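Given next are the chains, with one letter for each unit.
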Amino acid sequence: MTTIDEIRDNFALLDEWDDRYRYVIELGRTLEPLSEAEHSAQNKVQGCVSQVWLSKRVERDGNGEPRLIYVGDSDAHIVRGLVAIVLTLFSGHTPKDILATDALALFDEFGFRDHLTPQRSNGLRSMVDRIRNDAREALASAA
């Protein structure tokens, strides 16, 4: 599985945005398939122009701490790649780690604010908000 640091390094190597877009699309092709059942209204992320689904399960690590595991999909190639980046950043992490991660700063570092349409940027924010809300709920139910 690709790490966020590997994605960051690969982005740094690609000077042209056409190459970066192609790389993001390639990342989308690495997503594990989402089952038909997971393409549900409950998993659909609101606020995205393209259709985006995030399916979550909670697993406990050896210390009993919850970890949020995600799979995701989109009907748009570039957005599928953005889903892959979001999942690389958050999936498998504890709610505390998720809430401590500044995803929007990372997306700014990648240049997404300048190179994605406002609708795509809003969709990216909606995905992050959904995962952060899941993390807050997991923390509240663990308390």
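What counts and how
Within each chain, residues carry numbers counting from 1 in the order of the written sequence. Only residues with pLDDT of at least 70 get local features here, since the model is predicted, and only at 80 or more are side-chain atom pairs given and counted; chain-wide, interface and lining totals rely on the full set of residues. Where side-chain values are given, they derive from all heavy atoms of the structure, hydrogens and water being excluded. UniProt positions are given in the numbering used here, feature names are shortened, and annotations may be inferred rather than shown by experiment. Put simply, DSSP H or I for four residues or longer makes a helix, DSSP E for two residues or longer makes a strand, and each gets a number counted from the N terminus. The contact definition used throughout considers only heavy atoms, calling two residues in contact when any of these lie within 4.5 Å. Put plainly, a pocket is an open set of points on a 1 Å grid over the protein atoms alone with protein on both sides within 12 Å along at least five of seven lines, a cavity is a set where a 1.4 Å probe fits but cannot get out, and a lining residue has an atom within 4 Å of a point. Grid points are joined across faces, edges and corners, and a volume is the space filled by probe spheres set on the points. Each residue gets one label: Ala, Val, Leu, Ile, Met, Phe, Trp, Tyr, Cys and Pro are nonpolar, Asp, Glu, Lys and Arg are charged, and the others, such as Gly, are polar. Every angle, taken between N-to-C directions, lies between 0 and 180 degrees, and every axis is a line fitted to C-alpha atoms, over only the stretch in contact when it is a helix. By the definition adopted for this analysis, an angle is roughly parallel if under 35 degrees, roughly antiparallel if over 145, roughly perpendicular if from 65 to 115, and oblique otherwise. By convention the crossing between two helices is left-handed if the near helix lies anticlockwise of the far one by an angle smaller than a right angle, and right-handed if it lies clockwise. Residues belong to a common nonpolar core when they are buried Ala, Val, Leu, Ile, Met, Phe, Trp, Tyr or Cys residues joined through side-chain atoms within 4.5 Å. Only protein chains enter the area calculation, which uses a 1.4 Å probe; residues under 20% of their type maximum are buried, those over 50% are exposed, and those in between are partly exposed. One requirement defines pairing of two strands: DSSP has to find at least two bridges between them.

Per an unreviewed UniProt entry, the protein chain goes by SufE family protein and derives from Bradyrhizobium septentrionale. Here is the UniProt Sequence similarities (unreviewed entry) comment for the protein chain, exactly as written: "Belongs to the SufE family."

Visitor: What is the right way to look at the side chain of asparagine 43 in this model?
Guide: Positionally, asparagine 43 belongs in the loop between helix H2 (17-29) and strand E1 (52-60). Once residues within four sequence positions are removed from consideration, asparagine 43 is found in contact with Glu38, Val52, Trp53, Leu54, Ser55 and Arg130.

Visitor: Before we go on, may I ask you to explain the UniProt feature "domain: Fe-S metabolism associated" (unreviewed entry) in the protein chain in this structure?
Guide: In the numbering used here, UniProt assigns the "domain: Fe-S metabolism associated" (unreviewed entry) feature to residues 9-133. End C-alpha atoms of residues 9-133 are separated by 29 Å, and the span's content is 53% helix alongside 14% strand.

Visitor: Would you explain empty space enclosed by the protein in this entry?
Guide: Over the atoms, a rolled probe matching the size of one water molecule traces out where space is still vacant. Under the defined criterion, the tally for this structure stands at 1 cavity of 30 Å³ or more. The computed volume of the largest cavity comes to approximately 50 Å³. In terms of lining, the largest cavity is formed by Cys48, Val49, Ser50, Val52, Val79, Leu82, Gln119, Arg120, Gly123, Leu124 and Met127. At the level of elements, helix H3 (77-90) and helix H7 (118-142) are the ones that each hand at least two residues to the lining of the largest cavity. Counting residues per element, the lining of the largest cavity draws most heavily on H7, at 5 residues. Here the residues of the lining of the largest cavity sort into 7 nonpolar, 3 polar and 1 charged.

Visitor: What is the right way to look at the layout of surface pockets in this model?
Guide: Of the volumes computed, that of the largest pocket is approximately 320 Å³. Around the largest pocket, the lining is made up of 14 residues, and of these Met1, Thr30, Leu31, Glu32 and Leu87 lie nearest the centre. At the level of secondary structure, the elements contributing two or more residues to the lining of the largest pocket comprise strand E2 (66-74) and H3. Taken together, the residues that form the lining of the largest pocket break down as 9 nonpolar, 4 polar and 1 charged.

Visitor: How do you make sense of the packing of H3 against helix H5 (residues 103-110) when you look at a structure like this?
Guide: The description of two packed helices rests on the angle between their axes and on the distance between the axes. Axis separation between H3 and H5 bottoms out at 12 Å; the angle between their running directions is 130°. As the angle between them shows, H3 and H5 are arranged oblique. Helix-helix and strand crossings are classified by hand; for H3 and H5 the assignment is right-handed. Across the interface between the two elements, Ile85, Val86, Leu89 and Phe90 from H3 touch Ala103, Leu106, Phe107 and Phe110 from H5. Of the residues assigned to the contact of H3 with H5, the class counts are 8 nonpolar, no polar and no charged.

Visitor: Quick question: what am I supposed to make of the nonpolar core here?
Guide: Within soluble globular proteins, side chains that are nonpolar tend to cluster in buried spots. By size, the foremost hydrophobic cluster in this structure holds 38 residues, and its most contacted members are Ile85, Phe107, Phe112 and Met127. Looking at this core, the elements that each hand over two or more residues are helix H1 (4-13), H2, E1, E2, H3, H5 and H7. Looking at this core element by element, the count peaks at 10 residues for H3. Every residue in contact with phenylalanine 112, bar those within four places of it in the chain, is listed here: Phe11, Trp17, Leu82, Ile85, Phe107, Ser121 and Leu124.

Visitor: Any chance you could explain the pairing of E2 here in plain terms?
Guide: Looking along a regular strand, one sees the side chains alternate between the two faces of the sheet. Here E2 lies mainly inside the structure; 8 of its 9 residues are buried. Two strands pair when backbone bridges link them, and E1 and E2 are joined in this way by 9 bridges, in the antiparallel orientation. Bridge pairing in E2 places valine 52 opposite serine 74. Joining the antiparallel neighbours E1 and E2 is a turn of 5 residues, in which glycine 64 adopts a positive phi near 80°.

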